[in-house]
Amino acid sequence: MPAESANNNRKLDRITPVLDADGGAASATELGGAERLMPAGKPVVAVLYKDRRPPGMAEVEAAAEVRYATADQLVEALEGAHVLLLWDFFSSALQDAWHAAGSLEWIHVAAAGVDKLLFEDLRESGVLVTNARGIFDRPMAEFVLTGMLAFAKNLPGLLSLQRERVWQHRETERLESSRALIVGTGAIGREIARVLKAVGLRVAGAGRTARSGDADFGEVYASSELAAVVNGFDWVVVVAPLTEQTRHLVDAPVLKAMKPTARLINVGRGASVDTEALVEALQAGAIAGAALDVFEVEPLPADHPLWAMENVIISPHLSGDARGWLPQLAGQFADNFGRYLRQQPLENVIDKKLGFAAPS
């Protein structure tokens, strides 16, 4: 084991596998489009965590040497490691520890978005990256529907009147037949489309390329042309991954082009929306409201004007975090690790140039 660094006074916590290593000669295989050389003995898996370790890791611990490490221990954990599980998926520690990752073959991110991970050296390396595609689809779709219902039925207003013990009749809006544009046509966006169609909304998508006849969206518009199409929709739902192309995709011109009765829902990445332009649009009545689960700066500062707006619903980046999600995330990694051991193609491989999971 390499010597501890000067700023790391804690011992690295290791779990030694129970079973004996099989040994044997190394063999090459094709995994996710890249040739990989299997280690002769047990592979070494580093797990980066913050507060709590992932649950349900017994099978992985039986088949590998597992090194659990916090950010300050990552350099030591990466020495000789073949696999890295980024359980602390918001951490940026890997870039600083990259010099110790000479044996690394595969990184699994326990999240859907990988924008915080893909620094240039990793992009240019042969290391495979996979994500948690599939875990968050339904919870996020339900959350989007919840936001729509909250606005359409004026739940914030009803709760306010309830607190004041005021009995006041009012009409509400109907979701059925309203139109939703879903910006982001990956797995989460498709699940949102299916859920919204089930309650009678008419949906379309916006993605990298325009096309017709999509199974879930019908019509897909080019996201680069958002300002030209948003005025035909009552809801604009942002769920796109964060790339250079999607940063501030919803900007002042897009917001200005939206209907004054339309609402924006962002469950994707905070930086996909120009926050300053959004505040101005909400204050001016250019759009009717926004439900925001993600922000350019998180946590959202206590003095930010969004907090005080009655037409804004704020949630702290939890749209996909339904009960049971942590065991699901750990189980997904364990399943993919089984494929790694069997030298089978990994699931959910990220296209590191594009910044999201390559189409299947």
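Residues numbered from 1 in each chain as written. Predicted model: local features only at pLDDT ≥ 70, side-chain atom pairs only at ≥ 80, totals over all residues. Heavy atoms only, no water.

Caption draft 1: Expanded view of the overall build of the protein chain. If you tally the helices and strands in the protein chain, you get 11 helices and 18 strands. In the protein chain, once contacts between residues fewer than 6 apart in sequence are set aside, the share between residues at least 24 apart is 60%. (Helix = DSSP H or I, 4+ residues; strand = E, 2+ residues; numbered from the N terminus. Contact = heavy atoms within 4.5 Å.)

Caption draft 2: Fine view of the packing of helix H5 (residues 137–152) against helix H7 (residues 187–198). For the pair H5 and H7, interaxial distance at closest approach is 8 Å and the crossing angle is 50 degrees. What the angle tells us is that H5 and H7 run oblique. In the crossing of H5 with H7, the sense of the turn from one axis to the other is right-handed. On the side of H5, the interface is formed by Asp-137, Arg-138, Met-140, Ala-141, Val-144, Leu-145 and Met-148, while H7 contributes Ala-187, Ile-188, Glu-191, Ile-192, Val-195 and Leu-196. Each residue belonging to the contact of H5 with H7 can be placed in one class, and the counts come to 10 nonpolar, no polar and three charged. (Axes fitted to C-alpha atoms, helices over the stretch in contact; angles between N-to-C directions. Parallel < 35°, antiparallel > 145°, perpendicular 65-115°, else oblique. Left-handed = near helix turned anticlockwise from the far one by under 90°. Nonpolar A, V, L, I, M, F, W, Y, C, P; charged D, E, K, R; others polar.)

Caption draft 3: The confidence of the model for the protein chain, seen in detail. Averaged over every residue, the pLDDT of the protein chain is 90; residues scoring 70 or more account for 88%. Looking across the protein chain, the model is least confident in strand E2 (residues 28–31), with a mean pLDDT of 34, and most confident in strand E13 (residues 235–238), with 99. Within the model, pLDDT remains below 50 along residues 1–36, and this stretch shows 77 contacts once partners closer than five positions in the same chain are excluded. (pLDDT = per-residue confidence, 0-100.)

Caption draft 4: Structural context of unusual backbone geometry. Residue Glu-298 is joined to Pro-299 through a cis peptide bond whose omega torsion reads -5 degrees. Among the structural elements, Pro-299 can be located in the loop between strand E15 (289–292) and strand E16 (312–314). Positive phi outside glycine occurs at Asn-154, with the angle close to 50 degrees. Looking at where Asn-154 falls in the secondary structure, it is placed in the loop between H5 and helix H6 (155–163).

Caption draft 5: Representation of the packing of aromatic side chains within the structure. A complete count under the given rule lists nine aromatic pairs for this structure. Arranged with centres 6.5 Å apart and planes meeting at 80 degrees, the rings of Tyr-49 and Tyr-68 form a pair that is edge-to-face. Here Tyr-49 is found in the loop between strand E4 (44–48) and helix H1 (58–63), whereas its partner Tyr-68 is found in strand E5 (residues 65–69), with 19 residues between them in sequence. Among the aromatic side chains, those forming a connected cluster through ring pairs are Trp-106, Phe-333, Phe-337 and Tyr-340. Between Arg-53 and the ring centre of Tyr-68, over which it is positioned, the NZ or CZ distance is 4.5 Å. Taking NZ or CZ as reference, Arg-179 lies 4.3 Å from the ring centre of Phe-233, over its face. (Phe/Tyr/Trp six-rings, centres within 6.5 Å; stacked < 30°, edge-to-face > 60°. Lys NZ or Arg CZ within 6 Å of the ring centre and 35° of its normal.)

Caption draft 6: Summary view of the sheet that holds strand E10 (residues 202–207). The sheet built from eight strands is open, its strands ordered E11-E12-E10-E9-E13-E14-E15-E16 with mixed pairing. Looking at which strands have only one partner, the edges of the open sheet turn out to be strand E11 (211–214) and E16. On average, each strand axis in the sheet is tilted by 20 degrees relative to the strand beside it, whichever way the strands run. With five bridges connecting them, strand E9 (residues 179–183) and E10 associate as parallel partners. The residue of E10 that forms the bridge with Ala-180 is Val-203. Running over the sheet, H7 touches E9, E10, E11 and E13 and is turned about 170 degrees from E9. (Pairing = 2+ DSSP bridges.)

Caption draft 7: Fine view of the pattern of salt bridges. Taken as a whole and assessed by the stated rule, the structure comprises 13 salt bridges. Note that Glu-191 and Arg-194 form a salt bridge whose closest N and O atoms lie 2.9 Å from each other. Here Arg-194 and Glu-191 lie together in helix H7, a separation of three residues that amounts to about one turn. By relative accessible area, Glu-191 is classed as buried at 10%. The exposure class of Arg-194 is partly exposed, given its relative accessible area of 39%. Within this structure, Arg-138, Arg-190, Glu-191, Arg-194, Arg-211, Asp-214 and Asp-216 form a network of salt bridges that share partners. (Salt bridge = Lys/Arg side-chain N within 4 Å of Asp/Glu carboxyl O. Buried < 20%, exposed > 50% of the residue type's maximum accessible area, 1.4 Å probe, protein only.)

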